[in-house]
Amino acid sequence: MARLAAPPITLTESERAELETLARRPSTAQQIAKRARIILRASQGESHGQISRELGISKDMSRLWRNRWLEVSPRGVPIPERLRDAPRPGAPATFSLEQITQLYALACTPPDQYGRPISHWSPRELAEEMVKQGIVEQISQRHVGRLLAEAEIKPHQSHYWLHPPPTVSSPTKSGTSATSTSKRLNELNGER
């Protein structure tokens, strides 16, 4: 059974120069540099087997990046974009960063500001309040709990997180404070 030769890659001088720069630059991510080396070797006519042996990769990886380069090149996509990972499959993010930030802000405020007769937020109460305020159309209490856990926000401890309890034994960090400055101003003005 005859083997098919790998499709040839033809590079312009500017493409070759940019790929060589990417491959040599120390600040280039290693996966991008390796992909640039694959394309450079493929353009020199090396087979998938030769490329895989010399770069210590699989033949499938060599084949993947050669084929992706040939597929994307005619579209005029910039070289760094050609070497990036393809978009992953799956559903897009359901909530924007702004909505998640609003959840965090809501979790760090007292529930009584929103007419909730509770001492601290629960994921269920936060989910209901987000829908009530129109921040999101719908969100499950489990998802709220996961988002809070990822950010390490614990609404039942938010009072201490935002306002640490005063400690008697710890001295002030700087020699001046709001009260000492006020006393000093009063002394300068001749008041006591």
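See the structure above.
Reference entry: report on the structure contained in this document. (Residues numbered from 1 in each chain as written. Predicted model: local features only at pLDDT ≥ 70, side-chain atom pairs only at ≥ 80, totals over all residues. Heavy atoms only, no water.)

## Thoughts on the overall build of the protein chain
Then step 1. Secondary structure assignment for the protein chain yields 10 helices and 0 strands.
Then step 2. Starting at the N terminus and walking to the C terminus, you meet the elements of the protein chain as α-α-α-α-α-α-α-α-α-α.
Then step 3. The buried share of the protein chain, taken over its 192 residues, is 30%.
Then step 4. Of all intrachain contacts in the protein chain linking residues separated by at least 6 positions in sequence, the fraction that spans at least 24 positions is 46%.
Then step 5. Carbon together with sulfur atoms contributes 53% to the accessible area of the protein chain, which is approximately 13,800 Å² in total. (Helix = DSSP H or I, 4+ residues; strand = E, 2+ residues; numbered from the N terminus. Buried < 20%, exposed > 50% of the residue type's maximum accessible area, 1.4 Å probe, protein only. Contact = heavy atoms within 4.5 Å. Areas by Shrake-Rupley, 256 points an atom, 1.4 Å probe, with all protein chains shown as cover.)

## Thoughts on the packing of helix H3 (residues 48-55) against helix H4 (residues 59-72)
Then step 1. The N-to-C vectors of H3 and H4 enclose an angle of 115°; their axes lie 8 Å apart at closest approach. The hand of the H3/H4 crossing is right-handed. On H4, the residues touching His 48, Gly 49, Ile 51 and Ser 52 of H3 are Lys 59, Ser 62, Arg 63 and Arg 66. (Axes fitted to C-alpha atoms, helices over the stretch in contact; angles between N-to-C directions. Left-handed = near helix turned anticlockwise from the far one by under 90°.)

## Observations concerning the packing of helix H6 (residues 97-107) against helix H8 (residues 141-150)
Then step 1. Where H6 meets H8, the axes come as close as 11 Å, and the angle between the chain directions of the two elements is 85°. Relative to H8, H6 is oriented roughly perpendicular. In this structure, H6 uses Ile 100, Leu 103, Tyr 104 and Ala 107 to contact H8, whose residues at the interface are Val 144, Leu 147 and Leu 148.
Then step 2. A breakdown of the residues in the contact of H6 with H8 according to their chemical character gives 7 nonpolar, no polar and no charged. (Parallel < 35°, antiparallel > 145°, perpendicular 65-115°, else oblique. Nonpolar A, V, L, I, M, F, W, Y, C, P; charged D, E, K, R; others polar.)

## Focus: the environment of Ser 96
Then step 1. Checked against the element boundaries, Ser 96 lands in the loop between helix H5 (79-82) and H6.
Then step 2. For the pair Ser 96 and Val 136, spaced 40 residues apart in the sequence, the C-alpha separation amounts to 9.6 Å.

## As for helix H2 (residues 30-43)
Then step 1. Its 14 residues give H2 an end-to-end C-alpha distance of 20 Å, which sits within 8% of 20 Å, the value for a rise of 1.5 Å per residue.
Then step 2. Every buried residue of H2 is listed here: Ile 32, Ala 33, Arg 35, Ala 36, Ile 38, Ile 39, Leu 40, Ala 42 and Ser 43.
Then step 3. As for H2, its buried residues are in contact with helix H1 (13-24), H3 and H4.
Then step 4. Positive backbone phi, approximately 90°, marks Gly 45, located one or two places after H2. (Expected span 1.5 Å × (residues − 1).)

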